[in-house]
Amino acid sequence: MPPKQNRKVIRAICRAIQKNRTFFLTGHKKPDGDTVASELAMASLLKRLGKKVDIANAEPAPDYLSFLPGIQKIKTAKKVDRCYDVAMIFECSDTERMGNILDIRKQAKTVINIDHHLKHSFFGHLNLIGLTSSSNSEQLYYIYDALKMPILKEEATCLYVGMMTDTGRFQYSNTNPETLWIASKLLEKGVEVHTLCEKIYGTKTFSSLKLLSRALLSLHLIEKDQIATLQITKDDYKLAGSNEEETEDIVNQGLLVPSTLMAILFRETETENTVKVSFRSRRHVNVCALAERFGGGGHKYASGCEISGSLQNAMQSVLPQARKALKN
Ligand SMILES: [Mn+2]
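As the structure is a computational prediction, the values presented were derived from the model and not from experiment.

A word on the overall build of the chain. Tallying secondary structure elements over the chain gives ten helices and twelve strands in all. Compactness check: the chain gives a C-alpha radius of gyration of 20 Å against a globular reference of 20 Å for 328 residues, within 12% of the reference. Each of the three principal axes of the chain carries a C-alpha extent, and together these read 55 × 40 × 40 Å. Among the 328 residues that make up the chain, the fraction classed as buried is 44%. Taking as baseline every contact in the chain between residues at least 6 positions apart, the subset at least 24 positions apart corresponds to 67%.

Next up, the structure:
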């Protein structure tokens with residue numbers, strides 16, 4: 001069951017779905033498994049209800065999701081020019097997160113904001129913010145339920161992939177009884193757990209392994225081995241034949257060292273003088289607050305931010321704050 005305060009907004013979302021005809025779906029830049037899966041499941045549901053649906057993101061979906069049913073329907077665009085009855089926006093703390101692909105004041109009569117991040121805002125007419133939900137996909141389950149629409153196998157596959165990727169295969173702290181209960185409902189629809197796990201986690205490209213090996217050479221422990229740092233430079237991408245898309249899992253390696261409470265990955269980007277910083281933590285250490293100090297955000301145990309300047313500069317500004325975050 002969704003938390004009480006959300007049942008009302010879920011009902012309002014269902015009404016908006018029922019009474020409108022054209023829908024636009026989008027999510028955050030650098031779309032991940034949960035965002036893409038949410039878009040596909042929701043688009044499929046809307047189409048079954050006879051609605052017209054467009055999906056577009058400011059940036060393309062990563063290759064490892066290319067097997068998801070319906071993914072070819074997602075367009076990549078800087079801006080869309082049509083107007084819609086409803087715009088549904090997934091996992092965006094504000095409209096900048098989706099690259100302002102659509103002007104929500106002019107191009108949509110009703111804006112539905114669905115998010116589960118600690119850093120969120122209420123920019124929509126309807127805002128479904130589920131802080132105890134593991135993922136956006138988990139929240140969509142309640143919309144199917146409220147509409148009394150059975151979930152098709154393809155839709156269940158998408159929702160399961162969204163939940164599995166956002167919970168790190170149901171291992172992160174955001175995995176709760178509700179998450180596993182909903183996952184079990186999806187399995188009843190015929191989701192092939194083993195195949196999905198193999199597709200997403202069982203294989204890695206040669207270039208991503210080469211990049212990982214280069215990043216691991218930079219692994220360094222500080223603050224009585226409680227903080228692990230990793231770095232990736234532009235040269236690393238080049239020498240590994242890799243790119244920024246293949247950095248996803250690298251920061252997690254830092255937490256494999258038993259003494260560490262926080263892992264930080266500093267990586268150069270294609271944009272000159274822009275460094276992306278990813279944080280992971282455990283126990284009492286809140287890296288969401290840490291990332292927010294630098295204009296970023298995320299979750300308590302997983303967050304990120306962007307810093308302008310060199311990689312060395314980024315380390316100099318972040319590490320003192322990271323040390324403080326350990327003590328809070
Ligand atoms: Mn998510």
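Now for the sheet that holds strand S8 (residues 227–232). Judged by pairing direction, the sheet is mixed, and its six strands sit side by side in the order S7-S8-S9-S10-S12-S11 without closing on themselves. If you trace the sheet from one side to the other, it starts and ends with strand S7 (220–222) and strand S11 (297–298), each paired once. Examined bridge by bridge, strand S10 (residues 274–281) and strand S12 (residues 302–308) share seven bridges and lie antiparallel to one another. Following the sheet pairing, Lys276 is matched in S12 by Glu306. Docked against the sheet, helix H10 (residues 311–327) engages S8, strand S9 (262–268), S10 and S12, running at close to 165° with respect to S9.

Ranked by internal contacts, the top residues of the largest apolar core, which has 54 residues, are Ala87, Met88, Leu159 and Tyr160. For Met88, the residues in contact, after removing those within four places along its chain, are Phe23, Leu25, Met42, Ile112 and Ile114. The next biggest cluster of nonpolar side chains, apart from the first, holds 33 residues, and it includes Ala240, Val287, Tyr301 and Ala325.

This paragraph deals with H10. Residue pairs spaced three or four apart in an α-helix point in one direction, given the helix's 3.6 residues per turn. Helix length check: H10 (17 residues) gives 25 Å between terminal C-alpha atoms against 24 Å at 1.5 Å per residue, within 8%. By the largest-angle criterion, Val318 marks the main kink of H10, which is about 30°, and a proline, Pro320, follows within four residues. Taken as a whole, H10 has its buried residues at Ala314, Val318, Ala322 and Ala325. Looking at the buried positions of H10, the neighbouring elements they touch are S8, S9, S10, helix H9 (287–292) and S12.

In terms of domain boundaries, the chain breaks down into domain 1 (4–201) and domain 2 (206–327). Computed over C-alpha atoms only, the centres of domain 1 and domain 2 are separated by 28 Å. Facing the eight residues of domain 1 at the interface are eight residues of domain 2.

Right, let's get into the sheet that holds strand S1 (residues 22–27). Spatial strand order, S3-S2-S1-S4-S5-S6: six strands in an open sheet with parallel pairing. Edge positions in the open sheet fall to strand S3 (74–76) and strand S6 (126–129), since each of these has one partner strand only. On average, each strand axis in the sheet is tilted by 20° relative to the strand beside it, whichever way the strands run. Of the strand pairs in this sheet, S1 and strand S4 (residues 84–90) are connected by five bridges, and their pairing is parallel. Looking at the pairing, Leu25 lines up with Met88 of S4.

Criteria and cut-off values
Residues numbered from 1 in each chain as written. Predicted model: local features only at pLDDT ≥ 70, side-chain atom pairs only at ≥ 80, totals over all residues. Helix = DSSP H or I, 4+ residues; strand = E, 2+ residues; numbered from the N terminus. Rg over C-alpha atoms; globule rule 2.2 N^0.38 Å. Buried ≥ 20, exposed ≤ 12 C-beta atoms within 10 Å, placed from the backbone. Contact = placed C-beta atoms within 7 Å. Pairing = 2+ DSSP bridges. Axes fitted to C-alpha atoms, helices over the stretch in contact; angles between N-to-C directions. Core = buried A, V, L, I, M, F, W, Y, C linked by C-beta atoms within 7 Å. Expected span 1.5 Å × (residues − 1). Bend = angle between axes of the 7 residues up to and from the residue. Domains from an automatic or database assignment.

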